[in-house]
Amino acid sequence: MKIIKAIKNMRQLSKKAKTHNNIIGLVPTMGYLHEGHLSLIHRAKNDCDVVVMSIFVNPTQFAPEEDLKKYPRDFDMDRKLAESAGVDVIFYPDTKHIYTKDFSTFVSVENMDKIWEGKTRLAHFKGVCTIVGKLFNIIDPDVAYFGQKDAQQTAIIKRMVKDLNFNIKIVAMPTVREKDGLAMSSRNKYLSSEERKAALVLYRSLQEAEGMIKNREKRSDNVLKRIRSMVKKERLARLDYASIVNHKDFSSVSEISKTSLIIITCYIGKTRLIDNLVVV
Ligand code: PAF
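Treat the numbers as computed from the prediction; the structure is a model and nothing was measured.

(A) Layout of the site of the ligand. Surrounding the ligand, one finds Pro28, Thr29, Met30, Asn58, Gln61, Val128, Ile131, Phe146 and Gln153. Between glutamine 61 and the ligand, the recorded distance is 2.6 Å, taken from a side-chain N or O atom to an oxygen atom. With respect to the ligand, the side chain of glutamine 153 contributes an N or O atom lying 2.8 Å from an oxygen atom. Here the ligand has 290 Å² of accessible area as a free molecule, and 89% of this is covered by the chains.

Okay, structure coming up:
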């Protein structure tokens, strides 16, 4: 496995791979890998000839009061996990090379980046789209892999790819969960053991919603009422938002259908956790 820091060297490797007609798969990450990331790598390994994983804690997607400094980092652990999962190249650039002093161009997917996650985290998706767009330009992948856990991020990236004519296939992989249902996330590390138990309220309420929908409940407001009351009962949890949305543009829907997605975000203590469930 190669570790590449320089943009120029990354471009050269991709160019060479392309001259051999190799299919390049990209798994973009901010490091601190868990099973969720590994599932993306395994799928990329299966689909592609060369698997590139980027590790870059992207400052532009964090608001000033957010956790950029304390965001967990462990390059040694990531390197070992990536190597045993079969990654061919880790692209691990320096911030000063990605964001030069005079950097002034940003990508934003308007409207979709102002709702739900974008409402609480104001410049978040602009930062995500900018870095993902840059990684696409540097690495030139044929396929890029994202987790369904960050459903709004994945939908926004799909829209960016379509609107800006990137010739890249976006694959969304299902959320990987702990045995008890908690969606895997690098932020779970911030939870105390009591908060860890309380965090299960996200998955429990999604399951409850799924049960209601299976029993033919079609009205979003009824399902959301149940979710809100379940979260209210959990002492350490505070609901930020819950909604049922169209999976493509994230607009709220009043009637549930097969294109709907249930989204929920809660503060558990000080940690903000997101989760979602696709209605099938
Ligand atoms: O989902 C993430 O880890 C990040 O938002 C991403 C896509 C790697 C961009 O920094």
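From this point, things continue past the structure.
(B) Examining the packing of aromatic side chains more closely. In the structure shown here, the tally under the stated rule is seven aromatic pairs. Taking the centre distance of 5.7 Å and the plane angle of 75° together, the rings of phenylalanine 62 and tyrosine 71 count as edge-to-face. Accessibility assignment for this pair places phenylalanine 62 and tyrosine 71 in one class, buried. With a centroid separation of 5.4 Å and an interplanar angle of 75°, the aromatic rings of phenylalanine 136 and phenylalanine 166 are classed as edge-to-face. A residue pair is termed long-range when its members are at least 10 positions apart, and phenylalanine 136 in helix 6 (residues 124-139) and phenylalanine 166 in the loop between helix 7 (151-163) and strand 6 (169-173) qualify at 30 residues. Each member of the pair phenylalanine 136 and phenylalanine 166 is classed as buried. Three or more aromatic residues link up through ring pairs in this structure, and these residues are Phe56, Tyr99, Phe103 and Phe106. For lysine 70, the ring lying beneath its charged end belongs to tyrosine 190, and the centroid distance is 4.4 Å.

(C) Main features of helix 2 (residues 35-47). With 13 residues, helix 2 should reach 18 Å at 1.5 Å per residue; the first-to-last C-alpha distance of 18 Å fits that figure. All of the buried residues in helix 2 are Gly36, His37, Leu38, Ser39, Leu40, Ile41 and Ala44. On its buried side, helix 2 packs onto strand 2 (24-29), strand 3 (50-55), helix 3 (75-85), strand 5 (143-147) and strand 6.

(D) Region of interest: the side chain of serine 186. Looking at where serine 186 falls in the secondary structure, it is placed in the loop between strand 6 and helix 8 (193-198). Among the residues examined, serine 186 registers a relative accessible area of 8% and is labelled buried. At 3.4 Å, the side chain of serine 186 forms a polar contact with the backbone oxygen of tyrosine 32. The contacts of serine 186, once residues within four sequence positions are left out, are Gly31, Tyr32, His34, His37, Tyr71 and Pro72.

(E) Geometry of unusual backbone geometry. Its identity as a non-glycine residue notwithstanding, asparagine 111 has a phi of 70°, on the positive side. Residue position: asparagine 111 is located in the loop between helix 4 (95-98) and helix 5 (117-120). Located in the positive-phi region is aspartate 140, a residue other than glycine, with phi close to 55°. When its relative accessible area of 39% is taken as the criterion, aspartate 140 is described as partly exposed.

(F) Local environment of the packing of helix 9 (residues 200-214) against helix 10 (residues 220-233). Following both chains from N to C, one finds helix 9 and helix 10 inclined at 150°, their axes separated by 9 Å at the closest point. Taken as axis vectors, helix 9 and helix 10 run roughly antiparallel relative to one another. Remark: the crossing between helix 9 and helix 10 carries right-handed chirality. For the pair helix 9 and helix 10, the contacting residues are Val201, Arg204, Ser205, Glu208, Ala209, Met212 and Ile213 in the first and Asn222, Val223, Arg226, Ile227, Met230 and Val231 in the second. Looking at side-chain class alone, the contact of helix 9 with helix 10 contains eight nonpolar, two polar and three charged residues.

(G) The arrangement of the sheet that holds strand 4 (residues 89-91) in detail. Strand order across the open sheet formed by six strands is 1-4-3-2-5-6, with parallel pairing between neighbours. In this open sheet, the two strands that pair with only one neighbour each are strand 1 (2-4) and strand 6. The sheet shows a mean angle of 25° between the axes of neighbouring strands, taken without regard to direction. Seen against the sheet, helix 6 touches strand 2, strand 3, strand 4, strand 5 and strand 6 and runs at an angle of roughly 150° to strand 2.

About the thresholds
Residues numbered from 1 in each chain as written. Predicted model: local features only at pLDDT ≥ 70, side-chain atom pairs only at ≥ 80, totals over all residues. Heavy atoms only, no water. Near = heavy atom within 4 Å. Polar contact = N/O pair within 3.5 Å; in protein donor to acceptor, adjacent residues only side chain to side chain. Areas by Shrake-Rupley, 256 points an atom, 1.4 Å probe, with all protein chains shown as cover. Phe/Tyr/Trp six-rings, centres within 6.5 Å; stacked < 30°, edge-to-face > 60°. Buried < 20%, exposed > 50% of the residue type's maximum accessible area, 1.4 Å probe, protein only. Helix = DSSP H or I, 4+ residues; strand = E, 2+ residues; numbered from the N terminus. Lys NZ or Arg CZ within 6 Å of the ring centre and 35° of its normal. Expected span 1.5 Å × (residues − 1). Contact = heavy atoms within 4.5 Å. Axes fitted to C-alpha atoms, helices over the stretch in contact; angles between N-to-C directions. Parallel < 35°, antiparallel > 145°, perpendicular 65-115°, else oblique. Left-handed = near helix turned anticlockwise from the far one by under 90°. Nonpolar A, V, L, I, M, F, W, Y, C, P; charged D, E, K, R; others polar. Pairing = 2+ DSSP bridges.

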